[in-house]
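Breakdown of the fold
Here are the chains, one letter per residue:
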Amino acid sequence: MEYNKWIADFEVGDEVEGFYILKTAQSKTSNNGKPFLSAVLSDRSGAIEAKVWDYAGPVGQADEGTILKIRGAVSEFRGSRQMILSRLRPVQEGDQYDLADLVPVAPIDLDGAWRELEEAVKSLSDQDYANICRRMMAEHGERFRSVPAGKSMHHSFVGGLLMHTVSMVRAAEFLAELYRETVDRNLLLAGTLLHDFAKCGEFVTSPLGLVTEYSTQGQLLGHLVMGSQAVAEIAKELGVPEEKSVLLQHLLLSHHGDPEFGAAVRPMCAEAELLSIIDLMDSRMEIYQEAMEEVEPGQFTKRVFALDKKVFRHR
C-alpha cells in the first residue's frame, strides 16, 4: 500500500491510500441495477477517473471540490488508468495532509502574468478602453488572479483564468499586428483582456479555490451577459462614448462564436471574430495538453468529451 502517491505516478496494479480532491462525482446505476459512483480524483500532479461499485452515498456531487481520504487499486479500462475504490470518506478533524500537494495550480508565474496584463493596458493608445480595463482589474483583480477558467473543461486549476487570458492577450497582440489594416488593436486587446472577467462572479469556488458550482447570476445570466453589463456600467460612469461601449460589449457577448456554443450574438466585426477564434484556439490547445498528459507517446487518449474525439500523442 502506497500512501499519498502522486496521481501522475500511478501505475496499473498500485494499491493506494491517501488524501485527494474529489474533482467531479456522479451517482449512476449499472446495467444490473446497482448504484455506483463515477468520479474524478485529482491532486497537484493530475487527475484520474475512479469508480466505487455498489455505492449509493453519502459522498456524491455535493462534495465536489472537497478533500477525501480514499483507498483503492489502480486498474486499466479502455487504455486508460482508472481507480477502483474500496473506501472513501470526507476529511475529518485531525487528518494530516498538505494542501499544497493537492490543489492544481497554473504552471506559470502568476504575479508576472498579472504584470503582463497591466503592461498590455498601459500600451493601449485609446484611454477610454484602457480606463475600462483598469477599473475592471482594480475591482476584480484579487479573485481574477486565482479563480480557474472553468469547472472541468479547460484551465480548471487555480490561476487558470489568468493563464488563459495572458495566453490570449499574447495571441491578440500578434494578430492585431498581422491584420493591422483590418483590426483596431485597442478594441481587440481590451475585449480579449476582459472577455472572461465576469467568471469571477459566475463561479462558486471551494475553500481550495476550485470551482464547485455556478452562482445564481452565473446560471441565470452567464459570464457573457454579466461581463457586458459590467462594461456598460463602467463605461457610463467614465463617460466613454456609447459606440465604444457597445463595441466592447459586443466582443464580450459574441466571444463564444455561435449561439449553439453559448454566444448571445454572432461576431459582427473583425475584432469580435478574432476574439472568438483566439478563445477557441487557446481553450482547445489546453484540452489537448491535458489529454496528452494522460498517455504515453505513440498512444491515443480515450475519447475527449470537449473535443468529441480521441487525441493522438505523437513521439
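Starting afresh in each chain, residues are numbered from 1 along the sequence in its written order. Thresholds applied to this predicted model are a pLDDT of at least 70 for local features of residues and 80 or more for the giving and counting of side-chain atom pairs; totals over whole chains, interfaces and linings are not thresholded and use all residues. The side-chain quantities take in all heavy atoms of the structure and omit both hydrogens and water.

**Thoughts on the pairing of strand S8 (residues 211–214)**
A pair of strands is labelled paired if DSSP reports no fewer than 2 bridges between them. By definition, any uninterrupted DSSP run of H or I lasting at least four residues is a helix, any uninterrupted run of E lasting at least two residues is a strand, and each is numbered from the N terminus. Bridge count for strand S7 (residues 203–205) against S8 is three bridges, and the pairing is antiparallel. Across the sheet, residue Phe 203 finds its bridge partner in S8, namely Tyr 214. Between S7 and S8, which follow one another and run antiparallel, lie five residues, and Gly 209 among them has a positive phi close to 95°.

**Focus: the environment of Ala 130**
Inspection of the secondary structure puts Ala 130 in helix H2 (residues 127–144). Residues Ala 130 and Gly 46 lie 84 residues apart in sequence; the distance between their C-alpha atoms is 37 Å. In this description, contact between two residues means that some pair of their heavy atoms is separated by no more than 4.5 Å. Excluding residues that lie within four positions of it along the chain, Ala 130 makes contacts with Val 121 and Leu 124.

**Concerning the layout of surface pockets**
The definitions used throughout rest on a 1 Å grid laid over the protein atoms alone, on which a cavity is an enclosed set of points accommodating a 1.4 Å probe that cannot get out and a pocket is an open set flanked by protein within 12 Å on both sides along at least five of seven lines; lining residues are those having an atom within 4 Å of a point. Grid points are joined across faces, edges and corners, and a volume is the space filled by probe spheres set on the points. The computed volume of the second largest pocket comes to approximately 850 Å³. Together, 33 residues line the second largest pocket, and Met 153, His 154, His 256, Phe 261 and Ser 283 are the ones closest to its centre. Taken together, the elements giving at least two residues each to the lining of the second largest pocket come down to helix H5 (199–202), helix H7 (223–238) and helix H9 (270–292). Take the lining of the second largest pocket: its biggest share by element is six residues, from H9. Charged residues are taken to be Asp, Glu, Lys and Arg, nonpolar residues to be Ala, Val, Leu, Ile, Met, Phe, Trp, Tyr, Cys and Pro, and polar residues to be all remaining types, Gly included. Taken together, the residues that form the lining of the second largest pocket break down as 14 nonpolar, 11 polar and eight charged.

**A look at the side chain of Ser 245**
By secondary structure assignment, the location of Ser 245 is in helix H8 (residues 242–254). For the exposure calls, accessible area comes from a 1.4 Å probe over protein chains only, and a residue counts as buried if that area is under 20% of its type's maximum, exposed if over 50%, partly exposed in between. Residue Ser 245 is classed as buried on the basis of its relative accessible area, which comes to 7%.

**Description of the state of the cysteines**
Pairs of cysteine sulfur atoms within 2.5 Å are what we label disulfides. Taken as a whole, this structure holds zero disulfides when the rule is applied. In this structure Cys 133 is not part of a disulfide, and its nearest cysteine sulfur, from Cys 200, lies 14 Å away. On the accessibility criterion, Cys 133 (1% relative accessible area) is buried.

**Some words on a nonpolar patch on the surface**
Together, Val 91, Tyr 97 and Leu 99 line one region of the surface with nonpolar side chains, adding up to about 220 Å² of accessible area. Structurally, Leu 99 is set in the loop between strand S6 (80–90) and helix H1 (110–122). Under the relative-accessibility criterion, Leu 99 is labelled partly exposed at 38%. Like charges within 9 Å and nonpolar side chains (Val, Leu, Ile, Met, Phe, Trp, Tyr) within 5 Å are joined into patches, using only residues over 30% in relative accessible area that form no salt bridge. The Shrake-Rupley method, run with a 1.4 Å probe sphere, supplies the accessible areas, and residue values consider only the shown protein chains as cover. Salt bridges are identified by distance alone: a Lys or Arg side-chain nitrogen within 4 Å of an Asp or Glu carboxyl oxygen.

**Describing H9**
Expected span of a helix, by definition, is 1.5 Å for each gap between consecutive residues, and there is one gap fewer than residues. The terminal C-alpha atoms of H9, which comprises 23 residues, lie 33 Å apart, in line with the 33 Å expected from a rise of 1.5 Å per residue. Looking only at H9, the buried set comprises Glu 271, Ala 272, Leu 274, Leu 275, Ser 276, Ile 278, Asp 279, Asp 282, Ser 283, Glu 286, Ile 287 and Ala 291. Contacts made by the buried residues of H9 are with helix H3 (160–178), helix H4 (185–194) and H8.

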